[in-house]
Amino acid sequence: MSWRVFRHSLQSLLLAGLSSIAAAGDLDAALSVGSDFVVRGETRSRGEVVVQAHLIGHHDAGWSLGATASTVDINPGPGPSRELDVSLAKSWPLGPDWSMHGSVTH
């Protein structure tokens, strides 16, 4: 299976998952523009303007599925210009003021 087929399949599954979560919960979306994209102190846009889109679906049972897309410019010269992160999370209430949260992100 080629990377392109895998990527499109993953995107389709993500959209299907988000739509099913949205049917049973909430769907949040955001679009932002920033002056730099810094992760753990390292720039991912080399000080250039960055555009990011966030989409996350929350299910009533405590599950959430999200995706973040961003422009990047990691190295001088040719290289990736976009980044896609996908996350799956689950929250458990422990009391009126406490909860536990676990997540995996790619």
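As a reminder, the structure under discussion sits directly above these lines.
Residues numbered from 1 in each chain as written. Predicted model: local features only at pLDDT ≥ 70, side-chain atom pairs only at ≥ 80, totals over all residues. Heavy atoms only, no water.

The next point concerns the overall build of the protein chain. Within the protein chain, the regular secondary structure consists of one helix and seven strands. Along the protein chain, from the amino end to the carboxyl end, the secondary structure elements read α-β-β-β-β-β-β-β. Taken over 106 residues, the protein chain has a buried fraction of 17%. When the accessible surface of the protein chain is summed, it comes to about 7600 Å², and 61% of that surface belongs to carbon and sulfur atoms. (Helix = DSSP H or I, 4+ residues; strand = E, 2+ residues; numbered from the N terminus. Buried < 20%, exposed > 50% of the residue type's maximum accessible area, 1.4 Å probe, protein only. Areas by Shrake-Rupley, 256 points an atom, 1.4 Å probe, with all protein chains shown as cover.)

Within a sheet, neighbouring strands are paired by backbone hydrogen bonds and run either parallel or antiparallel to one another. Read from one edge to the other, the open sheet built from five strands follows the order E1-E4-E5-E6-E7, with strand pairing classed as antiparallel. Strands with a single pairing partner mark the edges of an open sheet, and in this sheet they are strand E1 (25-34) and strand E7 (99-105). In this sheet, neighbouring strand axes are inclined to one another by 15° on average, regardless of whether the strands run parallel or antiparallel. Here E1 pairs with strand E4 (residues 50-59) via ten bridges, running antiparallel. (Pairing = 2+ DSSP bridges. Axes fitted to C-alpha atoms, helices over the stretch in contact; angles between N-to-C directions.)

Let us look at the pairing of E4. Sheet topology places E4 next to strand E5 (residues 63-71); seven bridges connect them, and they run antiparallel. When the bridges of E5 are listed, Gly57 appears paired with Leu65. The loop that links E4 with its antiparallel partner E5 comprises three residues; one of these, Gly62, has a positive phi angle of about 100°.

Attention now moves to the environment of Ser35. With respect to the helices and strands, the residue Ser35 is situated in the loop between E1 and strand E2 (38-39). Under the relative-accessibility criterion, Ser35 is labelled exposed at 59%. Filtering out sequence-adjacent residues up to four positions away, Ser35 remains in contact with Gly47, Glu48 and Val49. (Contact = heavy atoms within 4.5 Å.)

A word on a nonpolar patch on the surface. There is a patch of nonpolar side chains on the surface, built from Leu31, Val33, Val49 and Val51 and spanning about 410 Å² of accessible area. Along the chain, Leu31 turns up in strand E1. Overall, the relative accessible area of 68% leaves Leu31 in the exposed class. (Patch = residues over 30% accessible without salt bridge, like charges linked within 9 Å, V, L, I, M, F, W, Y side chains within 5 Å. Salt bridge = Lys/Arg side-chain N within 4 Å of Asp/Glu carboxyl O.)

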